Amino acid sequence: MTGQGLSLVIITYNEVENLARCIESVGDLADEVLVVDSGSTDGTVALGEKLGARILSRAFTGYGDQKKWAVDQAKYSWILSLDADEALGPDLRKSIKKEKGQWQRQAYYLNRRNRLKDKWIKAGAWYPDKKLRLFNRDCVHMQTVKIHEGFAPLAGCNAGRLTGDILHYTNDSLASRVEQQNRFSSLAATALYESGKRGSLLRLWLKPKARFLAEFIWKGGWRDGFYGYFIAKTSAQYVFWRESKLLDLNREK
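Conventions and cut-offs
- Residues numbered from 1 in each chain as written.
- Predicted model: local features only at pLDDT ≥ 70, side-chain atom pairs only at ≥ 80, totals over all residues.
- Heavy atoms only, no water.
- Patch = residues over 30% accessible without salt bridge, like charges linked within 9 Å, V, L, I, M, F, W, Y side chains within 5 Å.
- Areas by Shrake-Rupley, 256 points an atom, 1.4 Å probe, with all protein chains shown as cover.
- Salt bridge = Lys/Arg side-chain N within 4 Å of Asp/Glu carboxyl O.
- Helix = DSSP H or I, 4+ residues; strand = E, 2+ residues; numbered from the N terminus.
- Expected span 1.5 Å × (residues − 1).
- Buried < 20%, exposed > 50% of the residue type's maximum accessible area, 1.4 Å probe, protein only.
- Phe/Tyr/Trp six-rings, centres within 6.5 Å; stacked < 30°, edge-to-face > 60°.
- Lys NZ or Arg CZ within 6 Å of the ring centre and 35° of its normal.
- Core = buried A, V, L, I, M, F, W, Y, C linked by side-chain atoms within 4.5 Å.
- Contact = heavy atoms within 4.5 Å.
- Axes fitted to C-alpha atoms, helices over the stretch in contact; angles between N-to-C directions.
- Left-handed = near helix turned anticlockwise from the far one by under 90°.
- Nonpolar A, V, L, I, M, F, W, Y, C, P; charged D, E, K, R; others polar.

Asks: Teacher, can you tell me more about a nonpolar patch on the surface here?
Replies: Side chains of L202, W205 and L206 sit close together on the surface and give an oily, nonpolar patch of about 340 Å² of accessible area. Tracing the backbone shows L206 in helix 6 (residues 201-218).

Asks: How should helix 5 (residues 174-194) be read in this particular structure?
Replies: Along its 21 residues, helix 5 runs 31 Å from first to last C-alpha, staying within 8% of the 30 Å computed at 1.5 Å per residue. Burial in helix 5 covers these residues: R177, Q180, Q181, F184, S185, A188, A189 and Y193.

Asks: Mind showing me how you'd approach the packing of aromatic side chains here?
Replies: Each aromatic ring pair is characterised by the separation of its centres together with the angle its planes make. Under the criterion given, the structure shown has 12 aromatic pairs. Between W78 and Y108, the aromatic rings sit 6.2 Å apart at their centres with planes inclined by 40 degrees, giving tilted as the arrangement. Taken together, the positions of W78 in strand 4 (residues 78-81) and Y108 in strand 6 (residues 107-116) put the pair 30 residues apart, joining distant regions of the chain. W78 gets classed as buried once you look at its relative accessible area, which sits at 4%. We note K130 situated over the ring of Y109; from NZ or CZ to the ring centre the distance is 4.6 Å. The residue whose ring lies beneath R198 is Y193, and the NZ or CZ to ring-centre distance is 3.9 Å.

Asks: I tried to follow the nonpolar core on my own but got confused; where do I start?
Replies: In a soluble, globular protein the nonpolar side chains are often hidden away together inside. Core analysis: the biggest nonpolar cluster contains 27 residues, and L8, L80 and L134 have the highest contact counts within it. Contributions of two or more residues to this core are made by strand 1 (6-12), helix 1 (19-26), strand 2 (32-37), strand 4, helix 4 (90-99), strand 6 and strand 11 (159-171). Sequence-distant contacts of L80, defined by excluding residues within four places in its chain, comprise L6, S7, L8, V9, V26, L88, I96, L110, R133 and L134. Core analysis: the second largest hydrophobic core is formed by 16 residues, L34, V36, C139 and F151 among them.

Asks: Would you mind going over the packing of helix 5 against helix 7 (residues 225-252) with me for this structure?
Replies: To characterise two packed helices, one gives the angle between the axes of the helices and the distance between these axes. For the pair helix 5 and helix 7, the least separation of the axes is 8 Å and the interaxial angle reads 35 degrees. Remark: the crossing between helix 5 and helix 7 carries right-handed chirality. Taken together, the residues of the contact of helix 5 with helix 7 sort by class into 15 nonpolar, eight polar and four charged.

Quick look at the structure:
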């Protein structure tokens, strides 16, 4: 079935605290809700079934590959791809409802607004955090890297942008942000090494400084005060960890 219907596609692992908010924010916009779960033990699968989702199980193979596989299993060609800790804001929901069934483009970029603890971030690298999340799957491809994966339009794809925001409930605490950055830096270092990068002391010295300046000064992270500084500083720390781990991998191998 590949008509004008819309499939909401979500990949999950222990997302019982987030899944209902995600699915309910989309509501009747979706003609299908597909959840691809990778072994949750917290009741995510039971909750998804209760909310009417079609559940598929698959071992986790990386964010990009997992999302690509999930999209390929959807009933409809039109896809809304969300993470479980995301939800449609009311303005974005209205924008999608207006477009649905009479699509003017083949793919749509959506703004994502990120939250740290109880503060919605309005500047820096976190907003507008533009993502290609609404699309005809025949017109996009997935960049299947181990981290920072993303859908991208194929050559000739007519892509637009809708008003409104995806609301991303990303970090409930400062500690979770630090832990996340440490974890992601390991994945990124491995991906860089496998792509042929070997790192250097110059990169280790320069790149964290450049990341902080880009996010806090040039992109206006200072407008978010302490949280803007914290985000830029932990982004720089992520780069430092990534480059350090890349050098370490090179030494080991």
